[in-house]
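Coordinates in review
The chain contents come next:
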Amino acid sequence: MSLTTGTAAHAAAVDKSPEPGAPPRRGRRSLNRHNLTGWLFSTPFLVLFGLFMLFPIVATLLMSFTDFGARHVTRPLEAEFVGLDNYTKLFQDDTFLKALFNTAYFVVVGVPATIVLGLLAAILLNNGIDRARTFFRIGFYAPVVTTIVAVAIVWRFVLDPSDGLIASLASEVGLSAPDFLGSETWAMPSLIAMAVWRNLGTVMVLCIAGLQAIPTEVREAARIDGAGAWQELRRITVPLLRPTLLYATVITSIGYLNVFEEPFVMTQGGPSDSTLTVSLDMYREGFNFFHMGYASAMAYVLFVVIMGITVLQLRLLKDNTR
């Protein structure tokens, strides 16, 4: 064999050899087969997600730029493109602005109350109560998993102005209870009280998990140094629970910004729209009046508000968790 032929064969052999750091061909085949298997197992979820989540999200976004109504349900392509008209009308709509204010009121009052009461319940159940601790934990968490209809029945009985529990207790001392759900002054605070009672169990469970993760040595050292209960709470418990409180605040805020069941079941937005929220107003426009394009614009305004508040909370509170 000549020198030229040998050199060419050696070069061909070098070209066929794998590159430095590259996996062997058999390994590549195994990796591709592994990836294909993963995609095959993920296909049912991806199909369901696309049909029931992604498609409605995209369709709603497109609808928000049209005058889509009941007549377009069977002929969606006949809906007229109106651009940003739906969005500009929203901020000229007094009903929507009132619903936006009511939702903000619900969040500003309800979220801090839920977080504080949930934290206090967690501290009591983790440190202050020794007997029947499991019973009390279940009792506090039971409203979270109870349907809103059952909760509404209980609270209607409690708040009834004539035969309710509060009215009966007030009459025993010679007082008269107000019409909580029929008064513009008391209707929203009543709904907030019900929502806090129903949701503080979630915050309690999260805070109990966070409290149990705090090393006992830290508490013991603080007590040896003479720290009282308030100082221990302020300087040890709350700082070490900040990541947990951040998570609880974010999910509670998102839930309260989407509040729908409480006013829908209890007051239908009344009296005089004093308990009308954005989600309930959206439901009315979309399913009572069939202004679906307008309701879709409401949905995306609410989405932007939720995203903005969530990002703001993460930036403000996350800095304190480092």
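I will try to describe carefully the structure that is included in this document. (Residues numbered from 1 in each chain as written. Predicted model: local features only at pLDDT ≥ 70, side-chain atom pairs only at ≥ 80, totals over all residues. Heavy atoms only, no water.)

**Examining the overall build of the protein**
Rules: By definition, any uninterrupted DSSP run of H or I lasting at least four residues is a helix, any uninterrupted run of E lasting at least two residues is a strand, and each is numbered from the N terminus. Each residue is placed in one exposure class: buried if its accessible area under a 1.4 Å probe, protein chains only, is under 20% of its type's maximum, exposed if it is over 50%, and partly exposed if it falls in between. The criterion used for residue contact is that any of the two residues' heavy atoms lie within 4.5 Å.
Helix and strand content of the protein: 14 helices and zero strands. From first element to last, N terminus to C terminus, the protein shows the α and β order α-α-α-α-α-α-α-α-α-α-α-α-α-α. Counting over 322 residues, the protein shows a buried share of 33%. Long-range contacts, defined here as pairs at least 24 residues apart, represent 66% of the contacts in the protein between residues at least 6 apart.

**Thoughts on the packing of aromatic side chains**
Counted only if it meets this: Here a pair means two rings of Phe, Tyr or Trp (six-membered ring of Trp) with centres within 6.5 Å. Their orientation is stacked below 30 degrees between planes, edge-to-face above 60, and tilted elsewhere.
Counted by the stated rule, this structure contains 11 aromatic pairs. Where Phe264 meets Tyr283, the ring centres are 5.3 Å apart and the plane angle is 75°; that geometry is what we call edge-to-face. Within this pair, whereas Phe264 is found in helix α12 (residues 261-266), its partner Tyr283 is found in helix α13 (residues 278-288), the two being separated by 19 residues in sequence. The class for Phe264 is partly exposed, based on a relative accessible area of 26%. Each member of the aromatic cluster is reached from another via a ring pair, and the members are Phe260, Phe264, Tyr283 and Phe287.

**Considering the packing of helix α5 (residues 133-141) against helix α8 (residues 187-212)**
Rule in force here: Axis definition: a line fitted to C-alpha atoms, limited for helices to the stretch in contact. Angles are taken between N-to-C directions and run from 0 to 180 degrees. What sets the label is the angle itself: under 35 degrees gives roughly parallel, over 145 gives roughly antiparallel, 65 to 115 gives roughly perpendicular, and the rest give oblique. Gly falls in the polar group here, along with every residue not listed as nonpolar (Ala, Val, Leu, Ile, Met, Phe, Trp, Tyr, Cys, Pro) or charged (Asp, Glu, Lys, Arg).
The N-to-C vectors of α5 and α8 enclose an angle of 140°; their axes lie 7 Å apart at closest approach. By the angle between their axes, α5 is oblique relative to α8. In this structure, α5 uses Arg137, Phe140 and Tyr141 to contact α8, whose residues at the interface are Leu200, Gly201, Thr202, Met204, Val205, Ile208 and Gln212. For the contact of α5 with α8, the class distribution of residues is six nonpolar, three polar and one charged.

**A closer look at the pattern of salt bridges**
Where we set the bar: Salt bridges are counted wherever a side-chain nitrogen of Lys or Arg sits within 4 Å of a carboxyl oxygen of Asp or Glu.
This model, assessed by the stated rule, comprises four salt bridges. The salt bridge involving Asp67 is made with Arg71; its shortest N-O contact spans 3.3 Å.

**Re unusual backbone geometry**
Residue Pro271 is reached from Gly270 by a cis peptide bond, and omega for that bond is -5°. Along the chain, Pro271 falls in the loop between α12 and α13. Of note in the backbone geometry, Asp273 takes a positive phi value of approximately 60° without being a glycine. Among the structural elements, Asp273 can be located in the loop between α12 and α13. Even without being glycine, Phe290 reaches a positive phi, approximately 60°. Looking at the element boundaries, Phe290 is found in the loop between α13 and α14 (292-318).

**Side note on the environment of Ala213**
Residue position: Ala213 is located in the loop between α8 and α9 (216-224). Residues Ala213 and Leu241, 28 residues apart in the sequence, show an inter-C-alpha distance of 9.2 Å.

**Quick word on the side chain of Thr114**
We apply this condition: Pairs of N or O atoms are called polar contacts if they sit within 3.5 Å, as long as, within protein, a hydrogen donor faces a hydrogen acceptor (for residues adjacent in sequence, only side-chain-to-side-chain pairs).
Tracing the backbone through its elements, the reader meets Thr114 in helix α4 (residues 94-128). Within the structure, Thr114 has its side chain in polar contact with the side chain of Tyr256 (distance 2.8 Å).

**So, the nonpolar core**
What counts, and what does not: Here, nonpolar core refers to any group of buried Ala, Val, Leu, Ile, Met, Phe, Trp, Tyr and Cys residues whose side-chain atoms link them within 4.5 Å.
Leu90, Phe106, Met194, Tyr256 and Met266 are the most contacted members of the largest nonpolar core, which has 54 residues in total. Elements supplying a minimum of two residues to this core: α3 (85-90), α4, α6 (148-159), α7 (165-172), α8, α11 (242-257), α13 and α14. Here the element with the most residues in this core is α8; it accounts for 12 residues. The residues touching Met194, leaving out its near neighbours within four places in the chain, are Ile148, Val151, Trp155, Glu262 and Met266.

**Concerning the environment of Thr66**
Inspection of the secondary structure puts Thr66 in the loop between α2 (25-63) and α3. Sequence separation between Thr66 and Asn86 is 20 residues, and the spatial gap between their C-alpha atoms is 7.9 Å. Those residues in contact with Thr66 that sit more than four places away from it in its chain are Ala79, Glu80, Phe81, Val82, Asn86 and Gly293. A distance of 2.9 Å separates the side chain of Thr66 from the backbone oxygen of Met63, its partner in a polar contact.

**Let's talk about the packing of α9 against helix α10 (residues 229-240)**
Condition: Two helices that cross are described as forming a left-handed crossing if the nearer one is turned anticlockwise from the farther one by less than a right angle, and a right-handed crossing if clockwise.
Interhelical geometry of α9 versus α10 gives an angle of 165° and a closest axis separation of 11 Å. Accordingly, the angle class assigned to the pair α9 and α10 is roughly antiparallel. When you trace α9 past α10, the crossing you get is right-handed. In contact with Val218, Arg219, Ala222 and Arg223 of α9, α10 contributes Glu232, Ile236, Thr237 and Leu240. Split by residue class, the contact of α9 with α10 holds four nonpolar, one polar and three charged.

Keep in mind these values describe shape, not function.
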